[in-house]
Amino acid sequence: IPPQGAIQIKIQPTLLCCFFFVCLFFPFLHYMTHSLSPSLAFALCLDQPGMLCSFKISTAWSCAWCLNPQADKNFSTGLSRRVIVTDAVTGRRQTYGISSDVLAQQFALRAPVLYNGCRSGEIFSIDLRQRARRGNGWKGSRFYQESAITSVRILHDENYLLAADMLGKIKLWDLRMSKAVQQYEGHHNEHAYLPLHVNEPEGLLLAVGQDCYTRMWSLGDGRLLRTIPSPHPAGKDSIPSVVFSSQLGGRRGLPGLLMAVCQDLYYFPYNSDYQDGSLSAESKRD
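Analysis parameters
- Residues numbered from 1 in each chain as written.
- Predicted model: local features only at pLDDT ≥ 70, side-chain atom pairs only at ≥ 80, totals over all residues.
- Heavy atoms only, no water.
- Helix = DSSP H or I, 4+ residues; strand = E, 2+ residues; numbered from the N terminus.
- Buried < 20%, exposed > 50% of the residue type's maximum accessible area, 1.4 Å probe, protein only.
- Contact = heavy atoms within 4.5 Å.
- Salt bridge = Lys/Arg side-chain N within 4 Å of Asp/Glu carboxyl O.
- Phe/Tyr/Trp six-rings, centres within 6.5 Å; stacked < 30°, edge-to-face > 60°.
- Pairing = 2+ DSSP bridges.
- Polar contact = N/O pair within 3.5 Å; in protein donor to acceptor, adjacent residues only side chain to side chain.
- pLDDT = per-residue confidence, 0-100.

Here the focus is the overall build of the chain. Helix and strand counts for the chain stand at 2 helices and 19 strands. Evaluated residue by residue, the chain yields a buried proportion of 48% over its 286 residues. The long-range share in the chain, meaning contacts at least 24 apart out of those at least 6 apart in sequence, stands at 43%.

Set out below in structure tokens:
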């Protein structure tokens, strides 16, 4: 029985994977095929049609693509004790040595600045406009959480960054002061690599815990708005994957949450008129 407020859709595993690929990666694919120069697109796709690029980088924990115009042909890779920034056109690499594994990465958009989250709990930035120097002189912002960082998300104004760790702590950091200004309680994580999901138009933060509960917080004041249990028995192999959109189905679409568990896909309509931020109570099963 689907949870209250959900529409359950039976779907084949292959189609489910394709669906989430389109939801999550279509903007990236659109950028790659429409924003890059023809010579770059040709270079990336020449050897194997359908493959954007292929670089042999072993033991990678994380990666991110830079969309800032000053470095929009560069991507980063977080590895054990180092970060590698690669020019996708020339293959040229810049290596930054560190003392921990880099588990999470994201580039800012307004400036070619890369934020990294480490197993040690350290979060630091790299400005690609500056040349690498010996020691840690190339590090920009630096601050710490108590455990390994599993996800970093930069907010739209790029003055704030969200970080989650393997103690289940989610904090909002003011990058101007390197200070935590908000904490989001209730997330459950002990050792898993779990992402954060942010929807700023609706003012929401979402995360799926190791206990297979999806939690939704108010991004502004940190209130826990809703806890959604998994429709399937909890287990390490059945942690739900979620995507929230303000316009599901297109420009005229309504806000809603998609949850994929095993071979099932659930849709939760979202009603922003509810003061507690809850999902609507209508339900349907297909």
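Okay, back to it.
Overall, the coordinates contain 9 salt bridges when judged by the stated rule. Of the charged contacts, one joins Asp-101 and Arg-119 as a salt bridge, the two residues approaching to 2.9 Å between their closest N and O atoms. Here Arg-119 lies in the loop between strand S5 (113-118) and strand S6 (122-127) and Asp-101 lies in strand S4 (residues 93-107), a separation of 18 residues in the sequence. Judged by its relative accessible area of 36%, Arg-119 falls in the partly exposed class.

Within the structure shown, the criterion is met by 6 aromatic pairs. Residues Phe-124 and Trp-138 carry aromatic rings whose centres are separated by 5.8 Å and whose planes lie at 70° to one another, so their mutual orientation is edge-to-face. Highlighted residues: Phe-124 in strand S6 and Trp-138 in the loop between S6 and strand S7 (139-144), separated in sequence by 14 residues. For the pair Phe-124 and Trp-138, one class covers both residues: buried. With 6.4 Å between their ring centres and 75° between their planes, Tyr-184 and Trp-217 make a pair best called edge-to-face. Linking Tyr-184 in strand S11 (residues 179-184) with Trp-217 in strand S14 (residues 214-218), this pair joins segments that are 33 residues apart in sequence. Judged by its relative accessible area of 1%, Tyr-184 falls in the buried class.

The next subject is the pairing of strand S16 (residues 241-248). Two elements, S16 and strand S17 (residues 254-261), share 6 bridges in a ladder whose sense is antiparallel. Across the sheet, Ser-241 pairs through a bridge with Ala-260, a residue of S17.

Relative to the elements of secondary structure, Glu-122 occurs in strand S6. Residue classification places Glu-122 among the buried positions, given a relative accessible area of 6%. At 2.9 Å, the side chain of Glu-122 and the side chain of Arg-142 are in polar contact. Every residue in contact with Glu-122, bar those within four places of it in the chain, is listed here: Asn-116, Gly-117, Lys-139, Arg-142, Phe-143, Tyr-144 and Ile-149.

Glancing now at the confidence of the model for the chain. Confidence in the prediction for the chain averages 81 pLDDT; 73% of positions are at 70 or higher. Long-range and interchain partners of residues 17-46, a stretch whose pLDDT sits below 50, account for 37 contacts in this model, where long-range means more than four residues apart. Residue range residues 274-278 is modelled with pLDDT below 50. Its contacts to residues more than four positions away, or to other chains, number 8 contacts.

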